[in-house]
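# Architecture at a glance
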There are 2 protein chains.
Amino acid sequence: MTGKTTGSEPKVSKGERTRALILEAALELFREHGFEDTTMRAIADRAGVSLGNAYYYFKSKEHLIQAIYAHTHDEHRAASAEVLARETDLAARLLGVMRAKVETLRPYHRFGGVLFRTAGDPHSPLNPFSPESREVRAESTALFAEVLAGADVKLPKILADELPELLWLYHMGVILFWIHDDSPGLVRTERLVERTVELVARLIGLARLPVLRPLVRSVLRLVKELRDGVPYSS
Amino acid sequence: MTGKTTGSEPKVSKGERTRALILEAALELFREHGFEDTTMRAIADRAGVSLGNAYYYFKSKEHLIQAIYAHTHDEHRAASAEVLARETDLAARLLGVMRAKVETLRPYHRFGGVLFRTAGDPHSPLNPFSPESREVRAESTALFAEVLAGADVKLPKILADELPELLWLYHMGVILFWIHDDSPGLVRTERLVERTVELVARLIGLARLPVLRPLVRSVLRLVKELRDGVPYSS
DNA sequence: GTCTATAACCGGATAGAC
DNA sequence: GTCTATCCGGTTATAGAC
């Protein structure tokens, strides 16, 4: 994340250290026993701190999740860098990034349902549309903007404007599938990614077709309206 | 729901009566204070039963939700009957059914987030893909099958086979939006419904176009594969 | 002001008597 | 079917240490 190394001795403040300790303990325990069966007391224990202290660093058990969530995003970006530097074909770039996502998330699948179920709760600070999540979401969307920016395709402006967000939405859909995927080795999610990436690329290509222009326009206008929270009237 | 009236005196068993009492109390309290701020103790109190007794009828606080969920489905079907009997135009039928959904759900919006957030949790018995929800989901899908069956359009068979489930999925998407909609009077959801119903109808029309045939085929094959839980290999 | 700990609260859930 | 008593774990209050 920030990762600043000031001098040589106190690389990280004591607090940061403790915080990391707790997060690490939580992650281990979540992997071992799942989210529900891991108690805050157990986490504090393994981290070697008191229960109250754990709450000093993380406002709730769910906030622990948000930290993990942000962490996986960093991992995802790192894992995507290589393909993005190499490929110029849109489909290849998108495929690379989506595969990176699946790989990054893999270790978390065991308790992934809990990790991401909050997406559905509008009152949770963890839902991806909440103000608290704005930053992570923006960064995530930026990654998809990069997928497009580095590709050797020319897109109509209206489409280009909306596409990063639409791709982000697509990627959320894949995650929703992933959550429910219980196939061995997550092969079904892998397959979904391969197939849908191809479909998405084809769709983007088809968007230029005259017959489809009005439809594309309607869709984009709708998306824009809804996103920008436009007029309640009319 | 079942609503059998055997004779005249003991129309319903004592149990059913108590069960209804608890559900009613829960609904009132949820509306008044929301889901989180309503305690099982308060529900039991208002229903005039003990805490333990409430748990005899509903295995958990969330199971109370499932009962409500099933209830809204019944309401939805009833509210849709009229349009389905009257209209034969596909878009009009779909619009009617979707509007009926929004109206049916309206009173529950206050705590609707909780009602439906469980959709994201694969381990919850309440998620719409769980075995426990199979029945409700099947009935709901059947409703969309009826939307199609009564419409004066001829669809290619492959499409006709998958469409009910795809429409159900679409309707789940609308619900997801509805959950997050905080516009006054839910006008934004209403608008979303109007616009997307039109888009969906147009898309179904376009599916016949030769240029789109391969794409449509790919999509349908994918959907079918994923639904039927086909081969993990290749 | 940053950090840590202990004790208590509260509400969902369960055990077991009647 | 119904109750009471109890457990358990997330969360909070609060006091003190560095």
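Procedures and definitions
Residues numbered from 1 in each chain as written. Chains lettered and ligands numbered in written order. Predicted model: local features only at pLDDT ≥ 70, side-chain atom pairs only at ≥ 80, totals over all residues. Heavy atoms only, no water. Domains from an automatic or database assignment. Contact = heavy atoms within 4.5 Å. Buried area = accessible area lost by both parts, 1.4 Å probe. Near = heavy atom within 4 Å. Helix = DSSP H or I, 4+ residues; strand = E, 2+ residues; numbered from the N terminus. Salt bridge = Lys/Arg side-chain N within 4 Å of Asp/Glu carboxyl O. Nonpolar A, V, L, I, M, F, W, Y, C, P; charged D, E, K, R; others polar. Polar contact = N/O pair within 3.5 Å; in protein donor to acceptor, adjacent residues only side chain to side chain.

## A look at the domain arrangement of chain A
All names here are of chain A. By the assigned domains, chain A splits into domain 1 (12–59) and domain 2 (61–228). The gap between the C-alpha centroids of domain 1 and domain 2 is 30 Å. In this complex, domain 1 contributes 16 residues to the contact, which on the side of domain 2 involves 12 residues. On the domain 1 side of the interface with domain 2, the three residues burying the most area are Phe30, Arg31 and Phe35, jointly 42% of the side's total.

## Describing the protein's contact with DNA strand D
The immediate surroundings of DNA strand D are formed by 17 residues, with Met40(A), Arg41(A), Tyr55(A), Ser50(B) and Tyr57(B) found nearest. Within 4 Å of the protein, the contacting atoms of DNA strand D are drawn from sugar and phosphate to the extent of 58%. The set of elements that each furnish at least two residues to the surface near DNA strand D consists of helix H2 (40–47) and helix H3 (51–57) of chain A together with helix H1 (14–33) and helix H3 (51–57) of chain B. Ranked by the residues each element gives to the surface near DNA strand D, the list is headed by H3(B), at 4 residues.

## Some details on the interface of chain B and chain A
Taken together, the contacts link 43 residues of chain B with 43 residues of chain A. Carbon and sulfur atoms supply 63% of the area that chain B and chain A bury against each other, a total of about 3600 Å² over both sides. There are 4 salt bridges connecting chain B and chain A. Counting residues per element, the ones that place at least two in the side of chain B that touches chain A are helix H6 (109–117), helix H8 (157–180), helix H9 (187–206) and helix H10 (213–228) of chain B. In terms of residue count, H9(B) provides more of the side of chain B that touches chain A than any other element does, 10 residues in total. Looking at the side of chain B that touches chain A residue by residue, the class counts come to 23 nonpolar, 11 polar and 9 charged.

## Quick look at the protein's contact with DNA strand C
Taken together, 18 residues form the shell around DNA strand C, and within it Ser50(A), Tyr57(A), Met40(B), Arg41(B) and Tyr55(B) come nearest. At a separation of 3.0 Å, a sugar or linking oxygen of DNA strand C approaches a polar side-chain atom of Asn53(A). In the environment of DNA strand C, a phosphate oxygen lies 2.9 Å from a nitrogen or oxygen atom belonging to the backbone of Lys61(B). Put simply, the parts of the chain that give the surface near DNA strand C at least two residues each are helix H1 (14–33) and H3 of chain A together with helix H2 (40–47) and H3 of chain B.

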